Amino acid sequence: MVQIAAARAMTVADYMAAANSHYYATRDPLGAEGDFTTAPEISQMFGELIGIWIADLWMRAGSPAFRYIELGPGRGTLAADALRAMARFGCAPQGVHLVETSPALRAAQSARLPAAAHHDDIADLPDDAPLVIVANEFFDALPIHQYMRTADGWRERRVERHHGHLVPMPGDMPADEAVPLPLRQQDEGTIVETAPVSAAIMQGCAFRLARQGGAMLVIDYGYRGPAAGDTLQAVKAHRFADPFADPGEVDLTAHVDFTMLADAAKSTGVRIAGPVGQGDWLRRLGIEARMAALAAATPDRAADLAAQRDRLVDASAMGELFKVMAVCAPQWPGPEGFGANGEAA
């Protein structure tokens, strides 16, 4: 991307934001012909179980009118599968709202969900009813700041041109106060990441839920923080790539700190469930029964369905790396799939 390649030094956060803005605005990155595949594209079971999760919560909340919201909805596959499953229980939202800025992905979403309304950010979402918000692999693509421990203290990492290549290097200004206190005592060379954009979006969603009612489901790859380490990565054609070699032409992501997201949400008075592993969550929701029903209806697909199930739930695939967390309005019931204690973050 010429604008980034020729730019002056910038923070890793600014670099990631600019690169991903160009990347998502210029392509549909999903599927075999793209750069990566998400859980909804792997199997219809994923979106269907999310739809069942929503329908169950809605019924126990008294079946109120609500709006379905999805952040970064990809091709609209998850929403289409979830809405179809919800409809079987009489659960029909009064409006489908998609937060998406990519023209290419908006076109794909409109093909599947022609009645859906698009929004550039959460500030434009309706404020007249409870919201059920789904964010699957959304937060991982938001910009992160990186800080490196040097001999002179903490410095923010910046992307600079060096000998004809873009490389991350520590800046000159002290940045100790930007590093979370529990992580400041680290060895030289250690990287610490923060995600203020993610925290702000999570808090904004939680404020809406606290005021309007509803729930939010967050699914992403990540960890329970605080933790140090460099998690910035790039993917192209389903393989890992150098995050700094081809800006704007690779998918840049970072692992999600679920503790940070939970802390941002808790300040609004909402309740948190999880995070738990995606595999355990899907098993509790009945993925085995759903797979058996689909296999009975289409026996020739049985082997493929089992492979899809394994990819979603096995610890060696997506089952442990991907986490699930729910955020619920104070007056709404507790969500299913999180164990007897809810395993609150």
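Here the structure is shown first, and the text comes after it.
Residues numbered from 1 in each chain as written. Predicted model: local features only at pLDDT ≥ 70, side-chain atom pairs only at ≥ 80, totals over all residues. Heavy atoms only, no water.

Asks: Describe in detail the pairing of strand β16 (residues 322-328), supporting the description with residues and values.
Replies: Extensive coverage of β16 is indicated by the burial of 7 of its 7 residues. Covered by surrounding structure in β16 are F322, V324, A326 and C328 together with K323, M325 and V327, the residues of both alternating faces. Pairing of strand β10 (residues 214-223) with β16, which is carried by 7 bridges, proceeds in the antiparallel orientation. Each residue of the ladder has a partner; that of Y221, found in β16, is F322. By the bridge criterion, 5 bridges tie strand β15 (residues 271-277) to β16 in an arrangement that is antiparallel. Note that in β16 the partner of G277 across the bridge is K323. (Buried < 20%, exposed > 50% of the residue type's maximum accessible area, 1.4 Å probe, protein only. Helix = DSSP H or I, 4+ residues; strand = E, 2+ residues; numbered from the N terminus. Pairing = 2+ DSSP bridges.)

Asks: Tell me about the sheet that holds strand β12 (residues 239-241), and please be specific about residues and values.
Replies: Read from one edge to the other, the open sheet built from 3 strands follows the order β12-β11-β13, with strand pairing classed as antiparallel. Bordering the open sheet on either side are β12 and β13 (251-253), each of which pairs with just one other strand. Averaged over all pairs of adjacent strands, the angle between strand axes in this sheet comes to 40°, irrespective of strand direction. As judged from the 3 bridges shared by strand β11 (residues 233-236) and β12, these two strands associate in the antiparallel manner. Following the sheet pairing, V235 is matched in β12 by F240. (Axes fitted to C-alpha atoms, helices over the stretch in contact; angles between N-to-C directions.)

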